[in-house]
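# Breakdown of the fold
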Amino acid sequence: MAATAPPAQTVAAPPGPASCGTGDLTTRVLGLIAAVTGALTAYLGLVFTPRDAVQGQLVRLIYVHPAAATTCYVGFGLCAVASVAYLWPRTRHRRWDRLAAASGEVGVLFCIVTLITGSIWGRASWGVWWTWDARLTLTALLCAVFIGYLAVRRTTGDPDVRAKRSAVFALLCIPIVPIDHEATTWWTTLHQGNTLFRSNPSIHGSQLVTMLLSFVAFGFGFAWLMVHRYRVEVLEDRYDQEGFAVAIAERRAEGSG
Amino acid sequence: MWRDAAVVGGKDIRIEIQSRVATMQVAPYAVLVLLLFGFAFDQNHTLLTQAAPGLFWVAVLLCTLLAVQRSYAIEAADGARDGLRLSGLDPAGIFLGKAAAVTAQLLALEVILGVGIVVLFGTSLHDPVLLLASAGAATIGLAASGTVYGMIASGLRVRETLLPLLILPVVAPVLLAATQCWMVALGTSQTDGWKWMSLLGAFGAIYVALGILTFSTLVEET
C-alpha cells in the first residue's frame, strides 16, 4: 500500500517587528495635543485663574475632577454602544469587542482618577476622605462593577463566547451610569450639582475657559489611550491566532539548526 | 415559558431536597455568620439590636452567593448543562425556574435567620406587612440578579472567585433598601420604609426582565 504524504501544514510567518508596536503618526499627534492642552490647563489652573471666594485653592480641583468623571462616563458609554453592536447579529465584528474592551479599561482608569480626586476634594471641603453620599457611593459601585467587567474579559476560553458574555455583562452594568450622573438631581447629596452642563453655568471667565480646556485635554488623553489600547487588543488577537504557528516555526528552526 | 420554568424550578428544588446541601451546609453556615457577628460586636446588645437588619441582609447576601453557585454546580457534572441546553426548553423558562428555586431556598433561609436575629440579637416586630413584603421583593431581586450573573460565571475555571465580584456590587442597592425597610419594620428607624420598598420592587422587576431578555444569549454561548 502506497504511503500517503502528510498534508502540507500552513504555518504563518512570525509577525515582523515593524508591526508589533501600537504607536504611529495618529497616536503621536493625539498624544502631543493631549500633552499641550494638559500643560496649558495646569498652567491656567494653578497660576492664572483666581482662587475661589468660598473654596479657596480647592477650586483648582475643578480643572481635573469633572473632566475625569465625564471621560469615565464616555468610556463606559462607548463600552455599552460597542457591546450592543457586537451582540447585534448584523453588526457583529471583532472590532466592536476590541472597542468595548479598550473603552471599558480606559473608563475604569478615569473612574479611579475621579474617585481619588473626589476623595481629596472631600477631605479638604467636608473633613472626611469618604462619606456615604449617593453620588460617591454610586461612583464607587460603578467602578467595582466595571472592575468585574474587566475580570470577565480576562477569563480564558473561546474568544467569541467571552466577547458575548462580556457584552451582556456590560449592558447589565450600564444603567448605573445615568443614575450616577443624575444622583445630585434626584437625591439630596453633599456633592455639588452640575457646574457646566446646565442653562445657567455657575462658573465664568478664565475659570470657565480653563475648565473647558481641561475637558479638551482629558478628551485627547482618552482618545490617545483608546487608540493604543485598541491596538493592543489587535496584537493580542494576532498572538492568539499566530502564537501557535510561531512556536511550531521556532521548534522547526531549532530542529533543522 | 411558565411550564418550562416549573419543570426547571421543580428539578432544582428536588435535587436540593434530596442532596440536603441547603439544610445541612448552607443553613448552619447562615446561623454561624450571625453568631460571628455577635462575637465581632462583643455582645453589645444595644448595638446588635440596632444593626440587626443590616447584619441579617449581609448574611442573606452571603447565602445568595452559595445558593447561586450551588444552582449551577449541580449542572456542572456529566454534561448536564449541555443536556439542559439541548432539551428544547425556553431559555426564559430556564431562567425563571432557576431564579424561583433560588428564591425558595433563600426564603427558607430567611425564616431561620429571622428566628436567629430575634433569639440572638433581641429584635422585636413593629410592621409585619412591610417586613414580609420587603423580604419577598428583595429575595426576588437577589435571586434574579444572582441567576443572571451566575450564568455569566458558570463554566469558567475562576467562577468561585468571579461570582462575588460580579454580584456583590450590583446587589448593593438591595442591601441598602432591604436594610432600611427592616429598620422601619423592626422599629429601629422612623423613616418611610415603603419608599425603599418601591426601590426593591423596581430592582427585582428590572432584573427579572433582563434575565428573560438575555438568558437565551447566555445559555447558548456559555
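It should be emphasised that the depicted structure is a prediction, and the values quoted were computed from it without experimental measurement.

Reading the values: rules and limits
Residues numbered from 1 in each chain as written. Chains lettered and ligands numbered in written order. Predicted model: local features only at pLDDT ≥ 70, side-chain atom pairs only at ≥ 80, totals over all residues. Helix = DSSP H or I, 4+ residues; strand = E, 2+ residues; numbered from the N terminus. Rg over C-alpha atoms; globule rule 2.2 N^0.38 Å. Contact = placed C-beta atoms within 7 Å. Nonpolar A, V, L, I, M, F, W, Y, C, P; charged D, E, K, R; others polar. pLDDT = per-residue confidence, 0-100. Expected span 1.5 Å × (residues − 1). Buried ≥ 20, exposed ≤ 12 C-beta atoms within 10 Å, placed from the backbone. Axes fitted to C-alpha atoms, helices over the stretch in contact; angles between N-to-C directions. Parallel < 35°, antiparallel > 145°, perpendicular 65-115°, else oblique. Left-handed = near helix turned anticlockwise from the far one by under 90°.

### Some thoughts on the overall build of chain B
Regarding its fold elements, chain B presents nine helices and zero strands. Start at the N end of chain B and walk to the C end: the helices and strands fall as α-α-α-α-α-α-α-α-α. For chain B, whose C-alpha radius of gyration is 18 Å, the value lies close to the compact-globule estimate of 17 Å for 222 residues. Each principal axis of the C-alpha distribution contributes one length, and for chain B these read about 55 × 35 × 30 Å. Put simply, 84% of the contacts in chain B that link residues at least 6 apart link residues at least 24 apart.

### Observations concerning the interface of chain B and chain A
It is common to report an interface's size as the accessible area lost on association of the parts. Listed as interface residues are 16 residues of chain B and, on the opposing side, 14 residues of chain A. Of all elements in the fold, only α6 (128-153), α7 (159-170) and α9 (193-221) of chain B reach the threshold of two or more residues within the side of chain B that touches chain A. Across the side of chain B that touches chain A, the residue classes tally to 12 nonpolar, three polar and one charged.

### Some thoughts on the confidence of the model for chain A
Scored by pLDDT, chain A comes out at a mean of 82, with 82% of its residues at no less than 70. Across residues 1-18 of chain A, confidence stays below pLDDT 50; counting only partners more than four residues off in sequence or on other chains, it has 10 contacts.

### Some points on helix α8 (residues 172-185) of chain B
Helix length check: α8 of chain B (14 residues) gives 20 Å between terminal C-alpha atoms against 20 Å at 1.5 Å per residue, within 8%. Of all 14 residues in α8 of chain B, 11 are buried, a share of seventy percent or more.

### Looking at the packing of helix α3 (residues 45-73) of chain B against α6 of chain B
Residue and element names in this part refer to chain B. Following both chains from N to C, one finds α3 and α6 inclined at 50°, their axes separated by 10 Å at the closest point. One way to sum up the angle between α3 and α6 is to call them oblique. For the element pair α3 and α6, the recorded crossing hand is right-handed. Facing T64, V68, S71 and Y72 of α3, the residues of α6 in contact are L142, G146, T147 and G150. Its residues placed into classes, the contact of α3 with α6 shows three nonpolar, five polar and no charged.

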